[in-house]
Amino acid sequence: MQKRNNILVIDDDKLMRVSLKSLLEENGYLVYTVSNGEEAVQTLDKNSVDLILFDLRLYDDRELSLVNKIKEASPNTLILIMIDQSKIKTVINTLCLDTVDYILKPFDPDYLKKTVEKALYKQQLEASLKKSLVEKEIINNVNKAIATSLDIREVFPNICDELKKVISFDRACLIISNEQGQWFQVFALTKTYNFSEINEGGSFPLSGSLLEEVVKTGVPVIANNTGKGRFWTDNVLLKEGIHSRLGFPLTYKGKVLGAITFGSEKTDSFNEHSYYYLWQIAPQLAIALENTKLFSRIKASEERYKTLFNNAADSMMMLDLNGKILTINQREEEIIGYKMEELIGKYIYDFLPKTSKKSILKLLEMAVSTKVQTTEIEVISKNHQILVMELDLSVVKEENNVLYILVHFRDITKRKNLELELKEEKCKLDNIVSEIGADLLVIDRNNKICWANKRLIENHPLGKNILNRTCFDTYCHFKSAPTDCPSSKVFKTGKINQTEHVIYNKHKKIFLNAISSPIFDKDGNVVQVLELIQDITEKKQAAEKQEKLQQQLVHSDRLISLGRLAAGVAHEVNTPLAILSGMIQGFLERNNTFTRETVKEFRTMQKVTKRIETTVDSLLDLSHSEGNEHPKPVNINEMIKNTVSLIIEQFMAKDKNIVLKLSSRLPKIKGFAEQLQQVFMNLLINADDATAVGDTISITTAQKDKNTISLCFKDTGTGIQRDYLSKIFDPFFTTKEVGKGTGLGLSITYGIIERHCGTIHVKSKIGSGTTFDINLPIDFGKATAHG
């Protein structure tokens, strides 16, 4: 069954997230969606993701930093940037496109589908190639180590060093059983500690051991907790500190000769994933194990030597001093395609290209008197294919007389092809680095430029002459290294450093973004620094221009709001003042006679005056700036209870219900207690005005996440018309009768919530009631004054 790919969509547009999720899931992908970088990192910590779709707006540098943060959280995951055509150059210049690609907006579903498929295929291909190359290299190294010696014990430590790259273990050994099946011998042993109960060369009872089960079943055996092991060898190795074991059969010609076993100081250290590598080397190990046994008896039996020769893993042939072929093994037949009878009596150079003939004759001559190093030569197969071979020569003597020369061939054609492919890939990478859209240079500890990419050399007035010159002189136009030099910081700290600084070239101000990365030697010392430098002058100028425009817009909005507020004040203040003036005028016309009518007019004056005071107080609350006030811890649940207690009798008198559903685990938040209480009172008063006898007002609190709490005020009243929902937070907007409301309650509420860096949203339907949802941060820092 094909693996289902996981995709993470990062987009602050909820509609776009929903659309992308629906489209991708239709194509069989498992899709996660988030709205910001923090949610993305949390999702990557919990889930494995194959591809990230990131909507990049490039409003500021934080988005690019966010890309790098996501790459750190999931370095092997390909990021597909959704970007406008106008901003693609910035993405290419800024981001490393090894793990980041892009898709241009706008795009249609088919284009997105094909781009995602292409990106996933590319990622899978690269991962597969990388894994394949590493695995092939390890297997090749193991097989090469096996083939370099006829005694497996000599190269067993080298084999274990290679296997440790893919299998974690602290102890490894080759064990074989005797022909009678009563004993086993530790043939070769390597371990990371000194104490040992079972040593190399020792013989031990086979019965009840792990090897016994491996020999009987012919399959691998895992014991992941020697403390509860069923083999007597588990208890013995537990004393050595081994807590888990793996035994893998070494089968030769259908017979289990023994096993290669591994031990780890950790429990549950082994699983079936290790089998993949062991299956590939086990046949060679088994052959090498058998070859070693045969080699130790070669003097006693020439026939056994022939068996070793004919069944060797690599091709072999025997030559006389003139290069005439005396005999070959079966592997040689398989590799070059000739049968033994076609080769015997011929000369080895008959099957070599001209470039290799002289070399082989010289090597044969040298082999008689000295040891010949492993050499690479080309061989022509029967089907005229050029094969690359590693050649080892061994001279077999008897009483100083040369009997024959043993030639050992190893076919490395596939390996050489892979090396060529890697070389080509390296060449491509070098071209990419040279053509990257930024200046790259390598600096030594003396601030001298050791290397620069093609772009920098071609664009700099000095050209190639910038090499071996100081960076502060040729690049920054300084007479000496500045105190805040980024490369100097990297040499001191050994950490990547990113800075923005300004230089002046011919009185021209240039903004640069420099990313300095350390280059370590094998001992972990910083020996050089790689700097990637980008000219961000245009970007800075554009940002400054944008900031000025933004300030102008904010100023314009404030002027408009101030005008509206002034108009509202004039309306709300002048009307009661006109009434008050009329009453006073009437009072004066009656010659200060305090009649019953006069008392009535005084009461009217008092009522109008109170209305003026209420309106003015509301306006003051709306515009009040408390820049020096600091937020304090507030218990929201207690504040809600206190607010309800002030108004509960009014609700009960009207047979209205208030239901509290307050979370017992709600944390305290930092805020302004009086202002928040005013919010709760405003919402309750509005709910009272919008409900009738028997209706219910419910208040719910909960912790939304680790940084936010949520509050919900819900009533079962008459509801709000749809056309009014977009206006209810505007100053002086009210649906109440004249004289019953100023239209400032919800506007003040909105301003207070905004000052707390929170949000408030309203949902309503005629006849079904109204719901106000509030989200407040637990700690929003020192409050900023709002005009």
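No experiment lies behind these values; they were computed from the predicted model shown.

Cut-off values and rules
- Residues numbered from 1 in each chain as written.
- Predicted model: local features only at pLDDT ≥ 70, side-chain atom pairs only at ≥ 80, totals over all residues.
- Heavy atoms only, no water.
- Helix = DSSP H or I, 4+ residues; strand = E, 2+ residues; numbered from the N terminus.
- Buried < 20%, exposed > 50% of the residue type's maximum accessible area, 1.4 Å probe, protein only.
- Contact = heavy atoms within 4.5 Å.
- Areas by Shrake-Rupley, 256 points an atom, 1.4 Å probe, with all protein chains shown as cover.
- Arc of directions from axis to C-beta.
- 1 Å grid on protein atoms, 1.4 Å probe; cavity = no way out; pocket = protein on both sides within 12 Å on 5 of 7 lines; lining within 4 Å.
- Points joined across faces, edges and corners; volume = space filled by probe spheres on them.
- Nonpolar A, V, L, I, M, F, W, Y, C, P; charged D, E, K, R; others polar.
- Axes fitted to C-alpha atoms, helices over the stretch in contact; angles between N-to-C directions.
- Left-handed = near helix turned anticlockwise from the far one by under 90°.
- Phe/Tyr/Trp six-rings, centres within 6.5 Å; stacked < 30°, edge-to-face > 60°.
- Lys NZ or Arg CZ within 6 Å of the ring centre and 35° of its normal.

### Overview of the overall build of the chain
What the chain contains, in helices and strands, is 22 helices and 28 strands. Per-residue burial for the chain yields a buried fraction of 40% across its 787 residues. Put simply, 56% of the contacts in the chain that link residues at least 6 apart link residues at least 24 apart. Here the chain has roughly 45,300 Å² of accessible surface; of this, 51% comes from carbon and sulfur atoms.

### A short note on helix α6 (residues 152-163)
Taken residue by residue, α6 has Ile-152, Val-155, Phe-156, Ile-159, Cys-160, Glu-162 and Leu-163 as its buried positions. Burial along α6 is one-sided: seen end-on, the buried residues are contained in an arc of 165 degrees.

### Notes on empty space enclosed by the protein
Inspection of the entire model under this criterion finds five cavities of 30 Å³ or more. Reported here for the second largest cavity is a volume of approximately 90 Å³. Within the residue set of the lining of the second largest cavity, elements represented by two or more residues are β6 (171-177), β7 (183-191), α7 (210-217) and α8 (232-239). Of all the elements, β6 adds the most residues to the lining of the second largest cavity, at three residues. Here the residues of the lining of the second largest cavity sort into eight nonpolar, three polar and two charged.

### Points about unusual backbone geometry
One non-glycine residue, Asp-268, lies in positive phi territory at about 55 degrees. At Asp-655, a residue that is not glycine, the phi angle is positive and equals roughly 60 degrees. Assignment of secondary structure puts Asp-655 in the loop between α20 (636-653) and β23 (657-661).

### Considering the environment of Pro-667
Tracing the chain through its elements places Pro-667 in the loop between β23 and β24 (669-671). Pro-667 gets classed as partly exposed once you look at its relative accessible area, which sits at 23%. Non-local contacts of Pro-667, meaning those with residues more than four positions away in its chain, are made with Gln-703, Ile-709 and Ile-778.

### Structural notes on the packing of α20 against helix α21 (residues 673-690)
Their axes nearest at 10 Å, the elements α20 and α21 cross at an angle of 40 degrees. Taken as a pair, α20 and α21 cross one another with a handedness that is right-handed. The segment α20 lies against α21, with Ile-636, Met-639, Ile-640, Asn-642, Thr-643, Val-644, Leu-646, Ile-647, Gln-650 and Phe-651 engaging Ala-673, Leu-676, Gln-677, Phe-680, Met-681, Leu-684, Ile-685 and Asp-688. Here the contact of α20 with α21 is composed, by residue class, of 13 nonpolar, four polar and one charged.

### Some words on the packing of aromatic side chains
A complete count under the given rule lists eight aromatic pairs for this structure. Centroid distance Phe-184 to Trp-232: 6.4 Å. Interplanar angle 35 degrees. Geometry classified as tilted. Here Trp-232 lies in helix α8 and Phe-184 lies in strand β7, a separation of 48 residues in the sequence. Here Trp-232 falls in the partly exposed class, since its relative accessible area comes to 28%. Measuring from centroid to centroid gives 5.1 Å for Tyr-276 and Tyr-277, while their planes differ by 80 degrees, and the two rings are edge-to-face. For Tyr-276, a relative accessible area of 42% puts it in the partly exposed group. A relative accessible area of 5% means that Tyr-277 is categorised as buried. The structure contains a cluster of three or more aromatic residues connected by ring pairs, namely Phe-184, Phe-204 and Trp-232. Above the plane of the ring of Phe-187 lies Arg-153, whose end atom (NZ or CZ) is 4.5 Å from the centre. The cationic tip of Arg-755 hangs over the ring face of Phe-672; the distance from NZ or CZ to the ring centre is 4.1 Å.

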